[in-house]
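# Residue-level structure breakdown
Here are the chains, one letter per residue:
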Amino acid sequence: MPISLSAEEAADELRARGYHPDNVVPLTGGLWSAAFAFRENARELVVRFHERRDDLEKDRFAARWAGRRLRTPRIIEIGDMPRGAYAISERVRGVQLDDLDEAGMRAALPSLLATLDGLRQADLSGTERYGLWHADGRGESATWHDALEHIANGVDRRAEQRELLVRSRIGAREFDAGVVRMRELLPFCPEERHLVHNDLLYHNVLVDESAVVLLDWGASIFGDFLYDIALLTFWWPWYRTWAGIDIRRTAERHYAEIGLSIPAFAERLRCYELDIGVSHIHFQASQARWDDAAWTARRTLELVNALR
């Protein structure tokens, strides 16, 4: 379960670790952590409390890729707590990507796509394998196809996902249809290995006056860079204020402009969209978020049946 603290409890935890926090304010976003902004003398900082230290250590690991096109807050300190861990980082002010209106999103898209280029070009030396990676830089899956089949460390998690859905009020019809179509498309997906943030929405991207800033690397994976594009195209209809933007066409136009040829773009993108769909049907059902799970099931089936 996510850690839950009040602002005063967060301040007490900081004082216990030698800080003198002023103006401790809760921040929105983040499903698995509790985050607070605070001031320490003249510095503006953020503290996050998380049940898994590994997720916080991934933020520190990701600092090796930070640069002009790939911005992420600098981690100052990570430590253990009786339950979970905490991390303190520099504060970056900005508007959350999710909260932008259509005009704001249009203005932010060039920076977002440039940041995704930075992810695609990140140097992965010192890391290995595919799928969800941990603070040692090692992914859980032997191949990209294994990661998409949710086979990690010898365990078939896809079967576990289906079993939960069969017993739930959502059922497994859309899940099954998505998996079948995914497996038809899997041969089009290359065993490419790039850095994928895998959590671009749900308040994990800030937009400031310079560019976008990526937060929370806990869900990051190693695999095909198009997976991050699929996250946008799958969830785009969820954000009604962005309905006037064709995000898929925008991405295609961007890659054409930078001269990047992407074989089997449509097949790869659809395969990853369906993986996102079936995975989130299971996740939302496991959290008893039935309305969300029903929306995701409809969206997944829509993509199964779509020609493009």
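The structure under discussion appears in the preceding block.
Values in this document were obtained by computation on a predicted structure and should not be read as measured data.

The geometry of helix α3 (residues 102-120) relative to helix α7 (residues 226-235) is characterised by a closest axis approach of 10 Å and an angle of 150 degrees between their N-to-C directions. Between α3 and α7, the crossing angle belongs to the class labelled roughly antiparallel. In contact with Leu-112, Leu-113, Leu-116 and Leu-119 of α3, α7 contributes Asp-228, Ile-229 and Leu-232. Residues belonging to the contact of α3 with α7 are distributed by class as follows: six nonpolar, no polar and one charged.

Pairing within the open sheet is antiparallel, and its three strands lie in the order β6-β12-β13. The two strands at the open ends of the sheet, each matched to only one other strand, are β6 (95-96) and β13 (212-214). Summarising the sheet, strand β12 (residues 205-207) and β13 pair through three bridges and their orientation is antiparallel. Note that in β13 the partner of Val-207 across the bridge is Val-212. Packing against the sheet, α3 makes contact with β12 and β13, and its axis sits at approximately 40 degrees to β13.

Take the pattern of salt bridges next. Under the defined criterion, the tally for this structure stands at 29 salt bridges. Between Glu-57 and Arg-60 there is a salt bridge, with the nearest N and O atoms lying 3.1 Å from each other. Of the two residues, Glu-57 and Arg-60 are both situated in helix α2 (residues 53-62); the distance of three residues between them amounts to about one turn of the helix. Of the residues examined, Arg-60 reaches a relative accessible area of 36% and is grouped as partly exposed.

Moving on to the nonpolar core. Judged by nonpolar contacts, the single largest core of 69 residues is most densely connected at Trp-65, Leu-97, Trp-144, Leu-195, Tyr-227 and Tyr-272. Ranked by the residues each element gives to this core, the list is headed by helix α9 (residues 265-286), at nine residues. Apart from the residues lying within four places of it in its own chain, the contact partners of Leu-97 are Met-105, Ala-108, Leu-112, Leu-200, Leu-201, Val-205, Val-207 and Trp-242. Membership of the second largest hydrophobic core comes to 16 residues, among which are Tyr-19, Val-24, Phe-36 and Met-81.

Moving on, we come to unusual backbone geometry. We note that His-203 has phi near 65 degrees; this positive angle belongs to a residue other than glycine. With respect to the helices and strands, His-203 occurs in the loop between β11 (194-196) and β12. You can call His-203 partly exposed: its relative accessible area is 22%. Here Ala-288, not a glycine, exhibits a phi torsion of approximately 60 degrees, which is positive. If you trace the backbone, Ala-288 turns up in the loop between α9 and α10 (290-305). Using a relative accessible area of 46% as the deciding quantity, one classes Ala-288 as partly exposed.

This model, assessed by the stated rule, comprises 17 aromatic pairs. Aromatic side chains Phe-36 and Phe-49 sit 6.1 Å apart centroid to centroid with 70 degrees between the ring planes, which places their arrangement in the edge-to-face category. You can see Phe-36 sitting in strand β2 (residues 33-40) and its partner Phe-49 sitting in strand β3 (residues 43-50), a full 13 residues away along the chain. In terms of burial, Phe-36 and Phe-49 fall into one category: buried. An aromatic cluster is present here, built from Phe-61, Trp-65, Trp-133 and Phe-222 joined pairwise through their rings. Directly above the aromatic system of Phe-234 lies the positively charged group of Arg-299, at a separation of 5.6 Å from the ring centroid.

On to the sheet that holds strand β1 (residues 22-27). Pairing within the open sheet is antiparallel, and its five strands lie in the order β1-β2-β3-β5-β4. Of all the strands in the sheet, just β1 and β4 (75-80) have a single pairing partner and so form its edges. Sheet twist, expressed as the mean angle between neighbouring strand axes with direction ignored, is 20 degrees. Along the sheet, helix α1 (residues 7-16) contacts β1, β2, β3 and β5 (85-90); its crossing angle with β1, the most-contacted strand, is approximately 125 degrees. Of the strands in this sheet, β3, β4 and β5 are in contact with α2, which crosses β4 at around 160 degrees.

Our next topic: the pairing of strand β7 (residues 130-133). As paired elements, β7 and strand β8 (residues 139-141) share two bridges and run antiparallel to each other. What sits directly across from Trp-133, in β8, is Gly-139. The antiparallel pairing of β7 with β8 creates a hairpin that spans five residues between the two strands, and Gly-137 there sits at a positive phi of about 80 degrees. Across two bridges, the pairing between β7 and strand β14 (residues 221-223) is antiparallel. Residue pairing for β14: Leu-132 is matched across the bridge by Ile-221.

Before going further, it helps to spend a moment on α10. Helix length check: α10 (16 residues) gives 23 Å between terminal C-alpha atoms against 22 Å at 1.5 Å per residue, within 8%. Within α10, the full set of buried residues consists of Ala-293, Trp-295, Thr-296, Ala-297, Arg-299, Thr-300, Leu-301, Leu-303 and Val-304. Residues of α10 that are buried make contact with α6 (173-185), α7 and α9.

Quick notes on the rules
Residues numbered from 1 in each chain as written. Predicted model: local features only at pLDDT ≥ 70, side-chain atom pairs only at ≥ 80, totals over all residues. Heavy atoms only, no water. Axes fitted to C-alpha atoms, helices over the stretch in contact; angles between N-to-C directions. Helix = DSSP H or I, 4+ residues; strand = E, 2+ residues; numbered from the N terminus. Parallel < 35°, antiparallel > 145°, perpendicular 65-115°, else oblique. Contact = heavy atoms within 4.5 Å. Nonpolar A, V, L, I, M, F, W, Y, C, P; charged D, E, K, R; others polar. Pairing = 2+ DSSP bridges. Salt bridge = Lys/Arg side-chain N within 4 Å of Asp/Glu carboxyl O. Buried < 20%, exposed > 50% of the residue type's maximum accessible area, 1.4 Å probe, protein only. Core = buried A, V, L, I, M, F, W, Y, C linked by side-chain atoms within 4.5 Å. Phe/Tyr/Trp six-rings, centres within 6.5 Å; stacked < 30°, edge-to-face > 60°. Lys NZ or Arg CZ within 6 Å of the ring centre and 35° of its normal. Expected span 1.5 Å × (residues − 1).

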